[in-house]
Each structure stands twice: as structure tokens, then as C-alpha cells.
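Below are the chains, spelled out letter by letter.
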Amino acid sequence: MSNTSKILVDINIDGTNHFVGTMWHSIRKNRAFSSFQYSEEWQANPVAFTIDPVMTPLHSKEVFHSDKKALFGCFEDAAPDRWGRMLMRRTLNDEAKAQGKHPRSLTDIDFLLMVDDISRMGALRFRIDTEYLAAPTANTIPPMIRLRELLEASEKVEDNPEARKLLLTPGSSLGGARPKATVLSPDKTLNIAKFESSKDEYNIIRWEAVALHLASECGLCVPNFQVENITVSKTDQRTILVEKRFDRSGVFRIPYISTMTLLNASDNDSENYSYLHISEKLSEISNQPTKDLKELWKRMVLGILISNTDNHLRNHGLIHTSTGWRLSPLFDINPNPENRNFSLSIDLEGNNDIKTALKVAGYFEMPKTEVKNIIRSIVNTLQNWKHTARKYGCTTSEITRMAPAFEHAEFDRALSITT
Ligand SMILES: Nc1ncnc2c1ncn2[C@@H]1O[C@H](COP(=O)(O)OP(=O)(O)O)[C@@H](O)[C@H]1O
Ligand SMILES: [Mg+2]
């Protein structure tokens with residue numbers, strides 16, 4: 001697959017596939033490059049839009065070249081990240097071993113094209129000729145009823161080839177590093193199921209649900225989600241977070257880009273960017289800038305107050321609606337009791353405090369008269385964090401362990417500013 005040089009890119013909008021353009025991929029001196037050109041069909045299409053902010057001049061014959069990375073951001077967003085890549089790499093190793101062969105090394109383009117087409121993130125689809133890659137195999141998207149089986153597989157994935165095989169199709173379509181799988185709910189819509197990991201020191205998944213619940217009570221837009229508790233032994237339970245996929249509406253696909261793509265940034269690049277960079281781009285590209293900027297500012301304040309430190313550029317995204325791009329629902333928020341080293345700061349000085357949030361509120365089009373009231377309402381909601389945690393089954397000792405994430409000097413400052 002790594003010899004593939006020409007890939008046709010379609011986008012599925014409201015159930016119809018449109019030919020968007022052609023991607024060429026090549027490897028020179030061990031470095032991968034790609035280029036892309038919009039198709040004439042797409043340029044003439046009334047529903048056309050730029051699929052990646054790097055490739056903006058839609059109505060031109062221009063060929064765009066990826067300079068910083070092997071793939072353009074919008075294609076990276078449709079490819080697996082650490083968890084999915086691990087599944088793919090190890091499954092191919094298993095197959096090679098069974099055949100007595102050496103496993104081949106996989107490139108970014110291989111990872112992109114191996115993702116299951118049905119559950120692929122966003123609305124882009126890839127083909128060499130007519131058939132979408134990767135075509136469905138017998139191993140398709142499992143129903144939610146099989147969550148226990150998938151959970152057990154995710155726990156055996158390190159040393160069990162069968163477990164890897166089971167998870168490959170449903171597990172590799174989404175980004176991120178945590179164990180996860182796409183599952184079908186009874187109404188046949190796609191969901192993301194996130195599992196606990198054997199490496200976790202505490203129940204991160206349960207706290208993610210607590211954080212999502214609190215965020216929703218703060219009036220932020222979060223995906224519909226539910227928590228499944230699975231008893232694995234007399235003394236042991238596992239938590240699974242199941243969220244509706246916001247890049248699907250029924251069976252229709254919704255285009256998606258991460259803020260890494262929005263800013264043409266790379267992994268581990270977060271220190272060169274800030275919330276202010278996102279707000280600037282969002283105000284250019286969003287079809288509802290005032291609403292999105294306010295939502296982003298509130299997410300930033302919530303993040304500071306619940307110590308959501310893993311807020312890197314892949315953990316914010318945009319979806320495309322019939323009227324343009326807008327902020328996606330909030331996802332992957334995790335209170336961190338251990339430190340307050342945020343991946344992404346408010347500004348390039350690395351500030352992550354309420355005073356700076358107030359100072360920059362104007363860049364988020366926040367009316368001066370509203371900011372303190374909004375912080376007050378977020379603070380009031382968060383003061384109930386222990387109550388919410390108990391509702392999700394967190395024990396007293398788990399709550400004590402998590403307290404530093406919610407009870408810290410910055411929370412007190414937010415409280416005093418608003419009282
Ligand atoms: N509810 C959702 N709907 C659609 N895509 C999602 C949803 N939640 C997360 N994603 C996508 O899946 C990726 C991985 O999910 P995430 O929660 O960030 O996992 P991890 O904790 O492993 O980083 C995200 O970067 C985002 O692109
Ligand atoms: Mg993530």
C-alpha cells in the first residue's frame with residue numbers, strides 16, 4: 001500500500017458522495033510528502049467548501065503541497081492516532097508472523113487507508129478507483145451489547161492476537177491514545193466507547209464522565225453520553241464511557257477537523273499555540289463566531305477550574321454544517337489531580353489563570369458586563385463537584401484523591417473575583 005501514489009478523495013454530505021480532489025503521496029529520502037488538488041466537480045459544486053484551512057483557494061487549479069508533515073491536517077484527522085496505529089501495526093505483525101514473513105513497516109498513508117470506511121472519523125472517504133478504503137471486512141462495527149467482550153479484548157490487547165483482531169476494525173477509526181472502540185447503538189448510530197486502561201492509576205473514565213456532566217451543567221455543548229458499569233469479578237468493576245459520535249447524524253456523515261488542522265500545527269506543537277490562536281482562526285472561519293468564541297472561552301475557564309491539562313490541539317475540533325464550520329461539541333476533558341501543566345495555555349506566556357481569562361475576554365467577543373456573571377455561574381456549578389462525583393459512583397477516597405483538581409488557588413481566586 002505504501003507504493004500508492006494517487007488517491008481519490010470523496011466527501012459524504014447528506015448521504016451523497018462528492019469527488020473532492022486528488023491526493024498524491026510520495027516518499028523521498030525517507031520522508032513522506034503529499035500534495036492535493038481540488039477536482040473541477042467539487043469546485044463547481046454549490047455545496048463546496050475548503051476541506052482544510054491550508055487549502056483555501058478553492059476556485060483555482062492550484063496544487064497544494066504539505067510542507068511540514070506527511071499528510072495534510074484534514075487527512076491526519078481521518079487517520080488513526082496512537083491507539084489505532086498500535087492495533088494496526090500489531091495485527092499486521094501477527095499476520096506476518098503466522099505466514100513466517102517479516103512485517104512490513106507502515107507509513108502515514110498506510111494508516112490512513114487501513115481505517116474502516118464505515119466508522120472513519122468525519123466525512124472524508126478514500127479510494128484508488130471505485131471502492132472505498134478500507135472496504136468493510138467480516139469484522140464490522142459491533143453493537144453495544146458486545147461492550148463487555150470489547151472491554152475484555154482491550155485488556156488483553158498487549159499479548160493476545162485474537163483480542164487485537166477483534167478490536168482492529170471498531171478500534172482503529174478514532175484518534176487518541178486511550179483504548180476505545182466504535183459501537184453501534186440499537187438505533188444503528190455510531191458511538192465512541194472509551195475503556196479504562198490497565199496503566200491508569202485511578203478511574204480516569206469515570207472522572208471524564210463527571211467532567212462532561214459538570215460541563216453540560218455549565219451550559220457547554222457536550223455529546224450525549226452514558227456510562228456503562230461492567231462487573232468483571234466479585235470485587236472488580238470497569239467503567240465504560242459511551243458517547244454519541246458528533247461526526248454522524250443518523251447515518252449521515254459530518255465533516256470534522258481538529259484545531260491542530262485549523263492552525264496547521266503538528267503534534268507536540270501546543271506550546272507554540274494558545275487559546276488566543278484558536279479564537280483568532282475561529283473568528284475567521286466559524287459560521288457563528290460570536291457563539292463559538294463564547295463557548296470556547298467558557299471551555300477555557302472550565303478547563304482552568306477543573307485542571308483539564310490534556311487540552312492539546314487534537315482535543316478541540318470543528319464540524320461542518322450546511323452553513324459552514326463551527327466548534328464541535330466538547331470532548332476528552334479529564335480533571336488532573338497531579339499537576340496543572342496545561343498542554344495549551346491561554347496565551348503564549350503560558351498563563352492559565354482566571355485573571356488572564358478576564359483580560360483576554362474581549363478577543364472572544366465576550367461582553368464586559370457578562371464575564372464575571374459567567375464565571376460565577378461556572379464556579380457555582382463546580383462547587384457541586386463532589387455531589388456529581390458521588391452520583392457517578394466515585395467513592396470518598398476517590399473524591400479525596402481528586403480534590404486537588406477542583407480545589408486549588410485558582411478556584412478560590414475565581415470565587416473571590418465573583419463574590
Ligand atoms: N463524541 C465524539 N464524536 C465523534 N468523535 C469523537 C468524539 N469524541 C472524541 N472523538 C474523536 O476521537 C478522538 C479520540 O477521542 P478522545 O476522547 O480524544 O480519546 P483519547 O482520550 O484517547 O485522546 C478525538 O480526537 C476526536 O477526533
Ligand atoms: Mg484525545
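To be clear, the structure that these remarks concern was listed above.
How each quantity is defined
- Residues numbered from 1 in each chain as written.
- Chains lettered and ligands numbered in written order.
- Predicted model: local features only at pLDDT ≥ 70, side-chain atom pairs only at ≥ 80, totals over all residues.
- Near = placed C-beta within 6 Å.
- Nonpolar A, V, L, I, M, F, W, Y, C, P; charged D, E, K, R; others polar.
- Domains from an automatic or database assignment.
- Pairing = 2+ DSSP bridges.
- Helix = DSSP H or I, 4+ residues; strand = E, 2+ residues; numbered from the N terminus.
- Axes fitted to C-alpha atoms, helices over the stretch in contact; angles between N-to-C directions.
- Parallel < 35°, antiparallel > 145°, perpendicular 65-115°, else oblique.
- Left-handed = near helix turned anticlockwise from the far one by under 90°.
- Contact = placed C-beta atoms within 7 Å.
- Core = buried A, V, L, I, M, F, W, Y, C linked by C-beta atoms within 7 Å.
- Buried ≥ 20, exposed ≤ 12 C-beta atoms within 10 Å, placed from the backbone.

J.: Would you mind showing me how to read the site of ligand 1 here?
T.: Near ligand 1 there are 17 residues, and of these Gly176, Arg178, Glu243, Phe331 and Asp332 occur at the shortest range. Per-class residue counts for the shell around ligand 1 are 7 nonpolar, 4 polar and 6 charged. When residues of the shell around ligand 1 are sorted by domain, at least three fall in each of domain 2 (144-202 + 222-244) and domain 3 (248-418).

J.: What am I meant to see in the sheet that holds strand S6 (residues 132-133) here?
T.: Within a sheet, adjacent strands bond to each other through the backbone by hydrogen bonds, running parallel or antiparallel. Taken in spatial order, the 6 strands line up as S4-S3-S2-S1-S5-S6 in an open sheet, and their pairing is antiparallel. Each edge of the sheet is formed by a strand with only one pairing partner; in this case those strands are strand S4 (64-65) and S6. Here strand S3 (residues 31-38) pairs with S4 via 2 bridges, running antiparallel. Pairing of serine 35 across the sheet is with histidine 65, part of S4.

J.: Please explain the packing of helix H10 (residues 289-306) against helix H12 (residues 368-382) as it appears in this structure.
T.: When two helices pack together, their arrangement is given by the angle between their axes and by how far apart the axes lie. Where H10 meets H12, the closest approach of the two axes is 11 Å, and the angle between their N-to-C directions is 40°. Between H10 and H12, the interaxial angle falls into the category oblique. Here the hand of the crossing between H10 and H12 comes out right-handed. Every residue of H12 that contacts H10 at Lys298, Val301, Leu302, Leu305 and Ile306 is listed here: Ile374, Ile375, Ile378 and Leu382.

J.: What should I look at first to understand the nonpolar core in this one?
T.: Ranked by size, the top nonpolar core spans 103 residues in total, and within it Leu112, Leu167, Ala193, Ala215, Leu296, Val301 and Leu305 carry the most contacts. With 9 residues, the top contributor of residues to this core is H10. In this structure, leucine 296 is in contact with Tyr275, Ile278, Ser279, Leu282, Leu327 and Phe364, ignoring residues within four places of it in sequence.

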